[in-house]
Amino acid sequence: MTVSPACTGDHSTIGERSVSEQFTEQSSERTTIDSADLPEAPTKKATKKKASKKTTKKVAKTATKKTATKEPKAKKTVADKLGKDKDLEPPKPDREPLCFSIAHAYLGVTYVCEAKSFTDKGQPNIRRLTSEEAKERFVLEDLRKGDTVYMELGGPNDRIALLAAWRGVRVMRIPTFRISNNDATREAIETEGWIATDERPAGNESGDKLTARKTRALAIAAKARHHSTDFLEMKEEDRLRLQLKKVYRGWRKSFKTVLAGYQRLLAEYFDDYLLELITTEDPHVVANGRVASQAALRCIWAMIDVFPKEKQEEYAATLGLEKLESRRSLSREDITTIFRKVLEMMLDDDDVQAPFMNHWRKSHKKLEQLVKADPIYRAVLEPIPGVGVSIAARIITAIGEIERFPSQADLIYFAGYHTDENGQAVRRRSGVVSNWNPELKQAVWQFAHEQVVKMPGTVWRERLDLRRAYDLYKILRNRQAKADDQQLNYEILPVAFRSRTITETTHMTPEDLPILSAHVDKLRKQAGTTSKATSDDEDQDAALSNVKDPVLGKLVAGVKQQSYERACRWLGSRFLKHLYKEWRHARGLSRNPATYRDAEGNVHFTRGSKARQQGAERYRRKHGEDPPPPKVR
């Protein structure tokens, strides 16, 4: 590993004298005896006399020296204390500013390229930081004010960027798509004539993976040499956003920990309740993943017990615990919702003095301050109805910098609102790693599912209702086709909608959703079922086995839920497009770029603009003229 200049300098002056001078002075006071002047071996008596005389002379000499140099004691400086403490090294000497390029891995090996300037000829020195201690020492000791650090934008590099910015280091970050893949990084360093030797494995990381990361650090240095304008300098606004990301993660972890703790407490109360039921003559049977309401109420009352006694009845009435007592069992989703409400009450009530609550409350206040001070929140998110502090924090921390995404489609893909090769919505699969950000996906769904639905009269709610009507119409049309194929005499789709031409959302009217929804309720009543849809055919058959008309019940089962979920996904993608445009506009960039440049400097069309270009070319070939401008929706 190449040693940094910060680690090879000589000792600096401590107080008025250096460590080496103090050591030399102390050595000169010692009596030196030449071996040629030594007499023959003395007797025992002579040795004692000689020793006593020598001791007397030494004491007298020390006393006279103390008397002659007696002065008022001066206060010890920090430098004196550092010099006399063997465990602490003296401060390191100043040096010229250096340039670093970093390819960081949070739990793996980090590679650092170091040079006086990346514009100079020659390959930079490469350092391999394997342990967490080595990474911390690099940030705390090797980085100094005036240095410049080049790294990728987002991901695990955010932690290094925040610490370096606090150290007064100039941080330059580049979007990942401008660095491109491993083949491009290898070509970039070969063009420079640099060599990345093969690395040995470390921990769970293979040698090939480490060699690719090492090559990436060199490619970032090469990018800084020839295309420094592709890097975005980290400003105060970006530093505060990274700090917001750090605070949010801590607040989120504390919330999950508290919620998980109460879920385990619920399991204990549930087990105790089941043991009590065994001794009764008529025990209740709790199945299908549901929890007995009595066990849940005991756990909820245990949570409310932390509040002052005069507030407990008020909070119990707010939660509606009396209604829960009449219910036989509760779903775990309902219990989680109640737990969340109780925790929010704890967060808002200053009288609840628990250690974890105090920490959670302080982090929540800090999070709220940072979110409201963020210019992106004030310019983009705050004007949107239904976007509160928690949703805004999740969105801002997940996206980070909008420059990471070359197009709207890339942001939608990052949020998990894209479709697969079959045109279906992407979902988690067992054994397959999800390639989207779960925090951003949940935040967008929360905006559409919980916030907008509870705020009627907004523009976003109107768009959601129109889309719900359109998706409900499509589902009923498909179910009607199935009924016709089976020669079943059912009116699944109302007759009034069969003569209309409906091919997109704008063809629907605000009155269509109530009409279609009432028609579905009528069909359910006719079939004698109110069950929701499920993707499992066996569960559907079990739920519809005791209804009046199971065939009709299966045709109309869950159409409302499916249309609602599809509409929320559609609204989420529109919400992400709106964020992309307005966020870029707030940063002084074009709202919707048509092209972007990759790591090699090649110009590419963005996904949406490329499709528009191809459609325009087809229109010109067919009609011999430019296509009309797109409709404003």
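Residues numbered from 1 in each chain as written. Predicted model: local features only at pLDDT ≥ 70, side-chain atom pairs only at ≥ 80, totals over all residues. Heavy atoms only, no water.

**Re the overall build of the chain**
When you go through the chain residue by residue, the secondary structure sums to 24 helices and 10 strands. In the chain, which comprises 633 residues, the share counted as buried stands at 40%. Of all intrachain contacts in the chain linking residues separated by at least 6 positions in sequence, the fraction that spans at least 24 positions is 65%. Accessible surface, the chain: about 38,400 Å² in total, of which carbon and sulfur atoms supply 51%. (Helix = DSSP H or I, 4+ residues; strand = E, 2+ residues; numbered from the N terminus. Buried < 20%, exposed > 50% of the residue type's maximum accessible area, 1.4 Å probe, protein only. Contact = heavy atoms within 4.5 Å. Areas by Shrake-Rupley, 256 points an atom, 1.4 Å probe, with all protein chains shown as cover.)

**Considering the pairing of strand 2 (residues 110-115)**
Of all 6 residues that make up strand 2, 6 are buried, and the element is covered over most of its length. Neither face of strand 2 is open: one carries Thr110, Val112 and Glu114, the other Tyr111, Cys113 and Ala115, and all of them are buried. Here strand 1 (residues 99-103) folds back onto strand 2 in antiparallel fashion, the turn holding 6 residues. (Pairing = 2+ DSSP bridges.)

**Section: the sheet that holds strand 6 (residues 232-233)**
With mixed pairing, the 6 strands of this open sheet are ordered in space as 3-2-1-4-5-6. Single-partner strands in this sheet number two, and they are strand 3 (125-129) and strand 6. Alignment of strand 4 (residues 148-152) against strand 5 (residues 170-174), held across 5 bridges, turns out to be parallel. Residue pairing in the sheet places valine 149 in a bridge with valine 171 of strand 5. Each of strand 1, strand 4 and strand 5 touches helix 5 (residues 157-166); the most contacted strand, strand 5, lies at about 155 degrees to it. Of the strands in this sheet, strand 1, strand 2, strand 3, strand 4 and strand 5 are in contact with helix 7 (residues 207-226), which crosses strand 1 at around 145 degrees. (Axes fitted to C-alpha atoms, helices over the stretch in contact; angles between N-to-C directions.)

**Description of the packing of aromatic side chains**
Any two aromatic rings considered together are summarised by their centre-to-centre distance and by the angle between their planes. All chains considered together, the criterion is met by 10 aromatic pairs. Here tyrosine 248 and tryptophan 251 contribute two aromatic rings whose centre-to-centre distance is 6.1 Å and whose plane-to-plane angle is 40 degrees, an arrangement assigned as tilted. Of this pair, tyrosine 248 and tryptophan 251 both sit in helix 8 (residues 236-278), 3 residues apart, which is roughly one turn of that helix. The pair tyrosine 248 / tryptophan 251 is uniform in exposure class, with both members buried. (Phe/Tyr/Trp six-rings, centres within 6.5 Å; stacked < 30°, edge-to-face > 60°.)

**Some words on the environment of asparagine 478**
Here asparagine 478 lies in helix 18 (residues 459-485). C-alpha of asparagine 478 to C-alpha of leucine 555: the two residues are 77 residues apart in sequence and 9.8 Å apart in space.

**Things to note about the confidence of the model for the chain**
Confidence along the chain averages 77 in pLDDT terms, with 74% of residues attaining 70 or more. Below a pLDDT of 50 lies the segment residues 1-55, which in the model reaches 39 contacts outside its immediate sequence neighbourhood of four places, other chains included. Note that residues 531-539 has pLDDT below 50 and, in this model, 10 contacts with residues that lie over four places away or in other chains. (pLDDT = per-residue confidence, 0-100.)

**A short note on the environment of alanine 616**
Tracing the backbone shows alanine 616 in helix 24 (residues 607-623). Residue alanine 616 is classed as buried on the basis of its relative accessible area, which comes to 12%. Between the C-alpha atoms of alanine 616 and proline 628, which are 12 residues apart in sequence, the distance is 9.3 Å.

**Structural notes on helix 12 (residues 332-348)**
For helix 12, which comprises 17 residues, the first-to-last C-alpha distance of 24 Å matches the rise-based estimate of 24 Å (1.5 Å per residue) to within 8%. All of the buried residues in helix 12 are Ile335, Ile338, Phe339, Val342, Leu343, Met345, Met346 and Leu347. (Expected span 1.5 Å × (residues − 1).)

**Things to note about the pattern of salt bridges**
For the structure shown, the criterion picks out 34 salt bridges. Of the charged contacts, one joins lysine 223 and aspartate 230 as a salt bridge, the two residues approaching to 3.6 Å between their closest N and O atoms. Here lysine 223 and aspartate 230 have matching classes, each one buried. Here arginine 500 ties to aspartate 512 by a salt bridge, and the two come within 3.1 Å at their closest N and O atoms. With arginine 500 in the loop between helix 19 (495-498) and helix 20 (512-527) and aspartate 512 in helix 20, the pair connects residues that are 12 residues apart, well separated along the chain. Assessed through its relative accessible area of 30%, arginine 500 is described here as partly exposed. (Salt bridge = Lys/Arg side-chain N within 4 Å of Asp/Glu carboxyl O.)

**Digging into the pairing of strand 4**
In summary, the side chains of a regular strand alternate between the two faces of the sheet. In terms of burial, strand 4 is a largely internal element, 5 of the 5 residues being buried. Here strand 4 shows a buried face lined by Thr148, Tyr150 and Glu152 and a second buried face lined by Val149 and Met151. Direction of pairing for strand 1 relative to strand 4: parallel, over a ladder of 3 bridges. Counterpart to phenylalanine 100 in the pairing with strand 4 is valine 149.

**As for the packing of helix 9 (residues 293-304) against helix 12**
Close contact between helix 9 and helix 12 brings their axes to 11 Å; oriented N to C, the two are set at 10 degrees. The angle between helix 9 and helix 12 falls in the class roughly parallel. From helix 9, Ala296, Cys299, Ile300 and Met303 reach across to helix 12, where they touch Ile335, Ile338, Phe339, Val342, Leu343 and Met346. Classifying every residue of the contact of helix 9 with helix 12 by side-chain character gives 10 nonpolar, no polar and no charged. (Parallel < 35°, antiparallel > 145°, perpendicular 65-115°, else oblique. Nonpolar A, V, L, I, M, F, W, Y, C, P; charged D, E, K, R; others polar.)

**Focus on the environment of alanine 443**
Looking at the secondary structure, you find alanine 443 in helix 17 (residues 438-451). Exposure remark for alanine 443: the relative accessible area of 0% places this residue in the buried category. Along the sequence, alanine 443 and valine 387 sit 56 residues apart, while their C-alpha atoms lie 9.6 Å from each other. Beyond its immediate stretch of four places on either side in the chain, alanine 443 contacts Ile391, Arg394 and Ile395.

**Considerations on the side chain of aspartate 142**
Checked against the element boundaries, aspartate 142 lands in helix 4 (residues 132-142). The class for aspartate 142 is buried, based on a relative accessible area of 1%. In terms of polar contacts, aspartate 142 uses its side chain to reach the side chain of arginine 127, at 2.7 Å. (Polar contact = N/O pair within 3.5 Å; in protein donor to acceptor, adjacent residues only side chain to side chain.)

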